[in-house]
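# Structural features, examined
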Amino acid sequence: LEPHPATASQCPFAARALGVRVHEGSGIVATAMSWAGEDALGEAIHQALAPVAHLEREWDINKLEKRMRQYFKNGSKGLEFASNPWPELVEEYATRVYSSIFTALNDRQWLAEADFLLVLDAGIKDGFPPA
């Protein structure tokens, strides 16, 4: 998904979710890399959890990655793509995903250390219809 420059500048959260830097008044400055391969979401989850996986005490890495995949996959279910503006869809998706993660893993100390930005990006690319 390539956001329209006006959309990215009007919705900084959406821009950050896609790894887009926005400079005040000038639109998109640079975009992040796009994932290659068929399982971009799985790869992004693996990369995000790698620095904190050793801190997880309850689930093994396979179960943790599987659960994360479910949270990011389920976040786009039921979104009304035809009737809502793109920034609102991204905001709703992120809210759903992070709500699921924090509800399930709120007792995990490592959660504050994990960076899910690229997972959010991959989840949007995976779960949203093409523009």
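It should be noted that the structure appears before, not after, this text.
Anyway, here's the lowdown on the structure attached to this text. (Residues numbered from 1 in each chain as written. Predicted model: local features only at pLDDT ≥ 70, side-chain atom pairs only at ≥ 80, totals over all residues. Heavy atoms only, no water.)

What follows deals with the packing of helix H5 (residues 86–105) against helix H6 (residues 117–127). It is at 11 Å that the axes of H5 and H6 come closest, and there the two elements cross at 120 degrees. By the angle between their directions, the pair H5 and H6 is classed as oblique. When you trace H5 past H6, the crossing you get is right-handed. Where H5 approaches H6, its residues Val-90, Tyr-93, Ala-94 and Tyr-98 are matched on the opposing element by Leu-117, Leu-120, Gly-123 and Ile-124. Split into classes, the residues belonging to the contact of H5 with H6 amount to seven nonpolar, one polar and no charged. (Axes fitted to C-alpha atoms, helices over the stretch in contact; angles between N-to-C directions. Helix = DSSP H or I, 4+ residues; strand = E, 2+ residues; numbered from the N terminus. Parallel < 35°, antiparallel > 145°, perpendicular 65-115°, else oblique. Left-handed = near helix turned anticlockwise from the far one by under 90°. Contact = heavy atoms within 4.5 Å. Nonpolar A, V, L, I, M, F, W, Y, C, P; charged D, E, K, R; others polar.)

Turning to the environment of Tyr-71, a few remarks are in order. With respect to the secondary-structure elements, Tyr-71 resides in helix H4 (residues 61–74). Spatially, the C-alpha atoms of Tyr-71 and Ala-104 are 9.6 Å apart, while their sequence positions differ by 33 residues. With residues near it in sequence (within four places) discarded, Tyr-71 still touches Trp-59, Val-97, Ser-100, Ile-101 and Ala-104.

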